[in-house]
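Spelled out, the chains give:
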Amino acid sequence: MEKKRSVGVIIAGIILILFSLFCLIPALVFYSGNWPRLLSYILWLISGIGLLFFKEWARILSLFPMGYLLLMDIIFFKALIIRKALLMELPLIATIVFFIIYLTRPKVKEQFK
């Protein structure tokens, strides 16, 4: 019996790949020494590809960079307000929170078993 494949997980994988490329290419071109954020984008690319194939390691791997980036954005939230860069970071924060909630749902976890 074949596993049930959710369209939401496939879309999440595609979004992760596109989002990581969207962030990774400028980060490589204009490298500013922020290697943890660069590593997070690379891990998102790898985990996005793994999500397309419904790999359990990809689901878990995608949560670590999301948690790291969310934590860093919350820590530096006041600096974002001062720099008026909050509107630039808000879509990133919302996307991270959505993926953390979605990928930890029991029905989604079950598809990776």
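Just above, that's the structure.
Reading the values: rules and limits
Residues numbered from 1 in each chain as written. Predicted model: local features only at pLDDT ≥ 70, side-chain atom pairs only at ≥ 80, totals over all residues. Heavy atoms only, no water. Helix = DSSP H or I, 4+ residues; strand = E, 2+ residues; numbered from the N terminus. Buried < 20%, exposed > 50% of the residue type's maximum accessible area, 1.4 Å probe, protein only. Contact = heavy atoms within 4.5 Å. Areas by Shrake-Rupley, 256 points an atom, 1.4 Å probe, with all protein chains shown as cover. Salt bridge = Lys/Arg side-chain N within 4 Å of Asp/Glu carboxyl O. Core = buried A, V, L, I, M, F, W, Y, C linked by side-chain atoms within 4.5 Å.

Summarise the overall build of the protein chain; cite the residues concerned and give the values.
Looking only at helices and strands, one finds 6 helices and 0 strands in the protein chain. Along the chain direction, N to C, the helices and strands of the protein chain fall in the order α-α-α-α-α-α. Relative to its 113 residues, the protein chain shows a buried fraction of 36%. Long-range contacts, defined here as pairs at least 24 residues apart, represent 70% of the contacts in the protein chain between residues at least 6 apart. Summed over its atoms, the accessible surface of the protein chain is roughly 7,400 Å², and 76% of this surface lies on carbon and sulfur atoms.

Could you give an account of the pattern of salt bridges, naming the residues involved and the relevant values?
All told, the structure shown has 1 salt bridge when counted by the stated rule. Ionic pairing is found between Glu56 and Arg59, a salt bridge with its closest N-O pair at 2.9 Å. Of this pair, Glu56 and Arg59 are both found in helix α3 (residues 56-75), 3 residues apart, which corresponds to roughly one turn of the helix. Classification of Glu56 as partly exposed rests on a relative accessible area of 24%. Arg59 sits in the buried class, given a relative accessible area of 7%.

Describe the environment of Ser20, listing the residues and the values that go with them.
With respect to the element layout, Ser20 can be found in helix α1 (residues 7-29). Accessibility expressed as a relative area gives 0% for Ser20, which makes it buried. For the pair Ser20 and Ile42, spaced 22 residues apart in sequence, the C-alpha to C-alpha distance is 7.0 Å. Once residues within four sequence positions are removed from consideration, Ser20 is found in contact with Tyr41, Trp44 and Leu45.

Could you give an account of the nonpolar core, naming the residues involved and the relevant values?
Val9, Tyr41, Trp44, Leu51, Met66, Ile96 and Leu103 are the most contacted members of the largest nonpolar core, which has 24 residues in total. Mapped by element, the contributors of at least two residues to this core are α1, α2 (35-52), α3 and α5 (86-103). Every residue in contact with Trp44, bar those within four places of it in the chain, is listed here: Leu16, Phe19, Ser20, Ser62, Pro65, Met66, Leu69, Leu92 and Ile96.

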